Number of protein chains: 2
Amino acid sequence: MPRNLSGLALLLLLALLAGGCATHPVSEAPGLRATGDLGLVIERAAGRVALVETTGRTKLAEIEGLGDLSHASIVYSRDERYAYVFGRDGGLTKVDLLRPGIVRRIIQSGNSIGGAISQDGRLVAVSNYEPGGVKIFDADTLELKLDIPATYGSEGKRSKVVGLVDAPGRRFVFSLYDAGEIWIADLSDPAQPEVRRFRDIGRLPYDGLVTPDGRYYIAGLFGEDGLALLDLWNPDAGVRRILADYGRGNEKLPVYKMPHLEGWAMAGGYAFLPGVGHHEVLVIDRDTWTQVRRIPVHSQPVFVMGRPDGRHVWVNFAFPDNDTVQVIDVATLEVIHTFRPGKGVLHMEFTPRGEEVWVSVRDLDRVKVYDTQTFEQLTEIEADKPSGIFFTPRAHRIGL
Amino acid sequence: MPRNLSGLALLLLLALLAGGCATHPVSEAPGLRATGDLGLVIERAAGRVALVETTGRTKLAEIEGLGDLSHASIVYSRDERYAYVFGRDGGLTKVDLLRPGIVRRIIQSGNSIGGAISQDGRLVAVSNYEPGGVKIFDADTLELKLDIPATYGSEGKRSKVVGLVDAPGRRFVFSLYDAGEIWIADLSDPAQPEVRRFRDIGRLPYDGLVTPDGRYYIAGLFGEDGLALLDLWNPDAGVRRILADYGRGNEKLPVYKMPHLEGWAMAGGYAFLPGVGHHEVLVIDRDTWTQVRRIPVHSQPVFVMGRPDGRHVWVNFAFPDNDTVQVIDVATLEVIHTFRPGKGVLHMEFTPRGEEVWVSVRDLDRVKVYDTQTFEQLTEIEADKPSGIFFTPRAHRIGL
């Protein structure tokens, strides 16, 4: 159809003009299409993201020029059209999925880690190491709306910020690594933002998560054992310590990679946590936040992720055992499947209703797609050193 | 832009040719846009749906020619491009949201109620009253793939089918009203579908739901008190009865409208159920499925819906008190807000992260949009006798 062809040419031209960046359509450019089955795969070494779709399981385009994408993460606009890519170099890049390319890119700090989008989708927040703090941008224009320096102590020092998440009520919650604090920024009235500080929450919080219902914020501690828990329904109760033994413990095992918290599985009344240093997945009662079981696994777990229906939990591992994935049955709390996608399994992302999982296998330059019921491999997609995989339905979830 | 104008003309022409139906773009036709913030509002009396978007809170188009839309419901394709509208007249209509109009429409039975889409989005199922059974169609073409007559007893009678839902593992679960049975149809191998029957589950199941994790299927009983519960993780355990007192009870109060089950709120470890006949919302412990509290409310509840973060539960009521909405705080289990949107509040739909709620007010010909934190009305949208509201992120949820 001539219309499609001229439309395609126009789209490419627009993308090139708008972003000043290279876009390679792999098959057809998305153009007029729905966005519920799209996703981006981080190609870390190339500073690039691959645009994929999960219905036909194909790659649609490559978008270049995103800078240093080590430890990069992504959130989506509420309509799923735009991705906000948080790079390690302080870069915040707004990517258009329908006219694949960069809409806008700013370097907003010297060194950053992660971000979040507000409940109403109007604000994008980035947590920065250097200078330490949180910056909040207009989601449309990337104009700076608010700067929250993470100052602490009497000398006005600034802390690295980690574990930034969105929470209901147009709030952002984050942890101050050097200060040992958790802050809640309430932007329900953007003209009068309020910041509430919780001090002495534990030494060196290194990551944080919010439960899928947005109620509990939990920070992991690098400087001591245990976890810091804040009930966002009742912040007046303050931060309390849970799982006092959680961490490296007395044995001080070598820890090859601090496990991610974001991926924690919440399933069947339990939370599943990666053991730190230990070859174990911990099973926690979500009502009492106490440990009910330790499940022996292949090696040191990194991501412990619940299938969306909560029946299975998938686990990947730290180097040198990062070629393996294990699946735990939540009904029996036993490992029911072990397989080796290949060296460098860095991330896993379920389709939103859980029938498939996409697995990044860095050293094979492949994303492998599996049926979660039969464990059969359905296809694989070429990607350059793939790491994080992010599907657009994250736009509709709290804390992702 | 000339391209947009000619594209728009072409879209309209295509829609007219394809559907043989009238489409009225209200502002701009969607065309090239993302789909994560779209939704449809049933305009029951007019046999029409209104296409809306929740970012700017506007109506985009009206799509006509959908037949009898009393008690109509909608599911979405996994990419969110297409809606499948289940009408009362046995009509199954596939609607395109990007080129607004009817793609295909079939009359697949004489009288039907509700439908579901499989976990992988490839199959659409409809539950029929007459002739009683479930028909399963290809989601692309609406070609009939499988017909499951709901035969029971020794004489080959057919039962009305109700409470049809999807469940993980490419299954559909439904109840046989006349037979008092629950069936699981497993389509993980579509060439060899398997149907498992559970008999004597209780008299006259009139509706069903599956919990958001896809684990428990629950049928409400019209012929006796109590509810039928099936654990889909362990179907061998069979159907058991819970909440033996749930229902009209000994008093046989007049019941103006049997409450819907689909909207049951699951929040904070509880399930919230509409009392039948009574002016109460029942609070159920989800671990034991026993009642822990009765909350007095304004009148007979119809929908009892959890805000996506689970902090609040919103309730509407049966005639003649259907002008009122109440909000329950899950932390205190108390009504914290009562207001009157207007006569004929028929349905409520939260934006996926819960910051807003859209409320159908039939007798005002309006959909009203509220901020769920301040309860302030943000806007209202004209709609002809609006009933059900369905946003596209339902595509990514189990059991919706």
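Residues numbered from 1 in each chain as written. Chains lettered and ligands numbered in written order. Predicted model: local features only at pLDDT ≥ 70, side-chain atom pairs only at ≥ 80, totals over all residues. Heavy atoms only, no water.

Going by what an unreviewed UniProt entry lists, chain A is known as Protein NirF and is assigned to Thioalbus denitrificans.

Asker: Quick question: what am I supposed to make of the environment of Arg 362 of chain B here?
Answerer: Residues and elements named next belong to chain B. The topology assignment puts Arg 362 in the loop between β32 (356-361) and β33 (366-371). Residues Arg 362 and Arg 104, 258 residues apart in the sequence, show an inter-C-alpha distance of 28 Å. Here Arg 362 is in contact with Arg 44, Asn 322, Lys 343, Gly 344, Leu 346, Lys 385 and Pro 386, once residues within four sequence places are set aside. (Helix = DSSP H or I, 4+ residues; strand = E, 2+ residues; numbered from the N terminus. Contact = heavy atoms within 4.5 Å.)

Asker: Where do I start with the sheet that holds β33 of chain B in this structure?
Answerer: Backbone hydrogen bonds are what pair the strands of a sheet, in a parallel or an antiparallel way. Residue and element names in this part refer to chain B. The strand order across the open sheet built from four strands is β31-β32-β33-β34, with neighbouring strands paired in antiparallel fashion. At either margin of the open sheet sits one strand with a lone partner, and together these are β31 (345-350) and β34 (377-382). Strand-to-strand twist across the sheet, computed as the mean angle between neighbouring axes with direction ignored, equals 20°. Summarising the sheet, β32 and β33 pair through six bridges and their orientation is antiparallel. Bridged to Glu 356 within β33 is Asp 371. (Pairing = 2+ DSSP bridges. Axes fitted to C-alpha atoms, helices over the stretch in contact; angles between N-to-C directions.)

Asker: Mind showing me how you'd approach the side chain of Ser 73 of chain A here?
Answerer: By secondary structure assignment, the location of Ser 73 of chain A is in strand β5 (residues 73-76). With residues near it in sequence (within four places) discarded, Ser 73 of chain A still touches Tyr 84, Val 85, Phe 86, Gly 114, Gly 115 and Phe 390 of chain A.

Asker: In this structure, what is going on with the interface of chain A and chain B? I would like to understand it.
Answerer: At the interface, 50 residues of chain A touch 50 residues of chain B. Regarding the contact of chain A and chain B, the summed buried area is about 4,700 Å², with carbon and sulfur atoms giving 48% of it. Considering only the surface of chain A that becomes buried against chain B, Leu 32, Trp 233 and Arg 353 of chain A emerge as the three largest contributors, covering 20% of it. Scanning the region where chain A abuts chain B turns up six salt bridges. Applying the counting rule to chain A against chain B returns 23 residue pairs in polar contact (both at pLDDT 80 or more). Of all the elements, helix α1 (residues 2-19) of chain A adds the most residues to the side of chain A that touches chain B, at three residues. Here the side of chain A that touches chain B is composed, by residue class, of 14 nonpolar, 15 polar and 21 charged. (Buried area = accessible area lost by both parts, 1.4 Å probe. Salt bridge = Lys/Arg side-chain N within 4 Å of Asp/Glu carboxyl O. Polar contact = N/O pair within 3.5 Å; in protein donor to acceptor, adjacent residues only side chain to side chain. Nonpolar A, V, L, I, M, F, W, Y, C, P; charged D, E, K, R; others polar.)

Asker: Would you explain the relation of the copies chain A and chain B in this entry?
Answerer: Superposition of the two copies of the chain requires a rotation about an axis together with a shift along that axis. Of the two same-sequence chains, chain A is brought onto chain B (RMSD 0.0 Å, axial shift 0.0 Å) by a rotation of 180°. On the angle and the small slide along the axis, the relation comes out as a two-fold axis. Measuring from the rotation axis to each C-alpha of chain A, the shortest distance belongs to Leu 32 of chain A, at 2.4 Å. Both copies present the same face, since 100% of the interface residues in chain A are matched by interface residues at the equivalent positions in chain B. (Least-squares fit on C-alpha atoms with pLDDT ≥ 70 in both.)

Asker: What's the story with the sheet that holds strand β16 (residues 171-176) of chain A in this structure? I'm lost.
Answerer: Residues and elements named next belong to chain A. Strand order in the open sheet made by the four strands is β15-β16-β17-β18, with antiparallel pairing throughout. Two strands lie at the open edges of the sheet, namely β15 (161-167) and β18 (194-198), each paired on one side alone. Each neighbouring strand pair of the sheet contributes to a mean axis angle of 20°, computed without reference to strand direction.

Asker: How should I be thinking about unusual backbone geometry in this particular structure?
Answerer: Negative phi characterises most residues that are not glycine, and trans characterises most peptide bonds. For the bond running from Phe 319 of chain A to Pro 320 of chain A, omega is 5°, close enough to zero to count as cis. Geometrically, the link from Glu 130 of chain B to Pro 131 of chain B is a cis peptide bond, its omega value of -5° lying close to zero. Structurally, Pro 131 of chain B can be placed in the loop between β10 (123-130) and β11 (133-138). Residue Glu 80 of chain B is not a glycine yet carries a positive backbone phi of 75°. Among the structural elements, Glu 80 of chain B can be located in the loop between β5 (73-76) and β6 (82-86). Look at Glu 80 of chain B and you get buried, because its relative accessible area is 0%. (Buried < 20%, exposed > 50% of the residue type's maximum accessible area, 1.4 Å probe, protein only.)

Asker: Looking at this structure, I do not really get the pattern of salt bridges. What am I missing?
Answerer: Inspection of every chain in the model, using the stated rule, returns 50 salt bridges over all chains. Its salt-bridge partner being Arg 353 of chain B, residue Asp 166 of chain A comes within 2.9 Å of it at the nearest N-O pair. Taken together, the positions of Asp 166 of chain A in strand β15 and Arg 353 of chain B in the loop between β31 and β32 put the pair across two chains. Across the pair, exposure class does not vary: Asp 166 of chain A and Arg 353 of chain B are buried alike. The shortest N-O distance in the salt bridge between Glu 224 of chain A and Arg 241 of chain A comes to 3.1 Å. Of the two residues, Glu 224 of chain A sits in the loop between β20 (216-221) and β21 (227-231) while Arg 241 of chain A sits in strand β22 (residues 239-242), which places them 17 residues apart along the sequence. Classification of Glu 224 of chain A as partly exposed rests on a relative accessible area of 24%. Look at Arg 241 of chain A and you get partly exposed, because its relative accessible area is 37%. Taken together, the shared-partner salt bridges connect Glu 43, Arg 48, Lys 59, Glu 62 and Glu 64 of chain A into one network.

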